[in-house]
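Remarks on the overall topology
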Amino acid sequence: MKKYILFIIVLTAMFSCAAQNSNKMKEVEKFNYEYYKSKLPPDANYAIYTEEDGTLVQVSFNEEFNSIVTIKPLTFKGYTKTYYKNGFLKSEGEWLYCSDVGIDIGREYNKNGKLIREVDEDKKFENLKVTPKELLRWMEKQGWIDLRTGKGQQTSFSNTPFDIYFAPRNESDYNGNTHAKWYIKKYEMYGTENFLLDAETSELLSHDKTLHEE
């Protein structure tokens, strides 16, 4: 009898924990209006600041939605979240260092915060020799960045040390090459240094410099 009672108690506890976990999974993220509003200067709807842990944050209050863009130290990537005006999460996704190239999983939600769409952004890099991670390693080999120490980390949302673009497979260039490619623009005092990298073979297709116009 005692064993039976103990079994019932354990089973009840298990169902209770499962119900609690289920409720937690159903919790919907909402915009922390008071916290982010406190970060804005008087009469402003936009601010850039740094959290105590070194995370760079850009928060914007717009007529249609609010947004938070973050860059955490040593990550070499950013994260963007937008929220409906009712506070529910509208969309979220990661992007590669110094670019608007989406990576990992992008998500969209309805106005009640329910997930309605997921996009695997990494699919466009399938079977490529130069994925976003390999591109960062290539940049590290050039001495531009250090993935361990954070050298070269993006510290601004506008004046970035690089501009990086990705062209998917089948978008032909002026030489008729239909391979996927990476375009890297490196900003220097004299102008820019430009690199075109074949994402399928890792071959450096071109390298040139553009001088500032006087």
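The text that follows walks through the structure, step by step, so that each part is easy to find. (Residues numbered from 1 in each chain as written. Predicted model: local features only at pLDDT ≥ 70, side-chain atom pairs only at ≥ 80, totals over all residues. Heavy atoms only, no water.)

Let's talk about the pattern of salt bridges
- Counted under the stated rule, the structure contains 8 salt bridges.
- Between Lys186 and Glu188 there is a salt bridge; the shortest N-O distance is 2.3 Å.
- Residue Lys186 is classed as buried on the basis of its relative accessible area, which comes to 13%.
- On the basis of relative accessible area, Glu188 is assigned to the partly exposed category, the value being 26%. (Salt bridge = Lys/Arg side-chain N within 4 Å of Asp/Glu carboxyl O. Buried < 20%, exposed > 50% of the residue type's maximum accessible area, 1.4 Å probe, protein only.)

So, the pairing of strand 4 (residues 77-84)
- In this structure, strand 3 (residues 65-71) lies alongside strand 4, joined through 6 bridges in antiparallel fashion. Among the inter-strand pairings, Val69 is bridged to a residue of strand 4, identified as Thr80.
- Taking the residues that link successive antiparallel strands as the turn, the strand 3-strand 4 hairpin has 5 residues, and the phi of Leu74 there is positive, at about 65°.
- Taken together, the 7 bridges between strand 4 and strand 5 (residues 89-96) define a ladder with antiparallel strand orientation. If you follow Thr82 over to strand 5, its bridge partner there is Ser91. (Pairing = 2+ DSSP bridges. Helix = DSSP H or I, 4+ residues; strand = E, 2+ residues; numbered from the N terminus.)

Here's the deal with the sheet that holds strand 11 (residues 204-211)
- Ordered by their spatial adjacency, 4 strands build an open sheet running 8-9-10-11, and the pairing between neighbours is antiparallel. A single partner strand is all that each edge strand has here, and the edge strands are strand 8 (162-167) and strand 11. Taking each pair of neighbouring strands and ignoring which way they run, the sheet shows an average axis angle of 15°.
- Bridge count for strand 8 against strand 9 (residues 181-187) is 6 bridges, and the pairing is antiparallel. Its bridge partner lying in strand 9, Ile164 is registered against Ile184.
- The strands that helix 3 (residues 132-141) touches are strand 8, strand 9, strand 10 (191-198) and strand 11; relative to strand 9, the one it contacts most, it runs at about 40°. (Axes fitted to C-alpha atoms, helices over the stretch in contact; angles between N-to-C directions. Contact = heavy atoms within 4.5 Å.)

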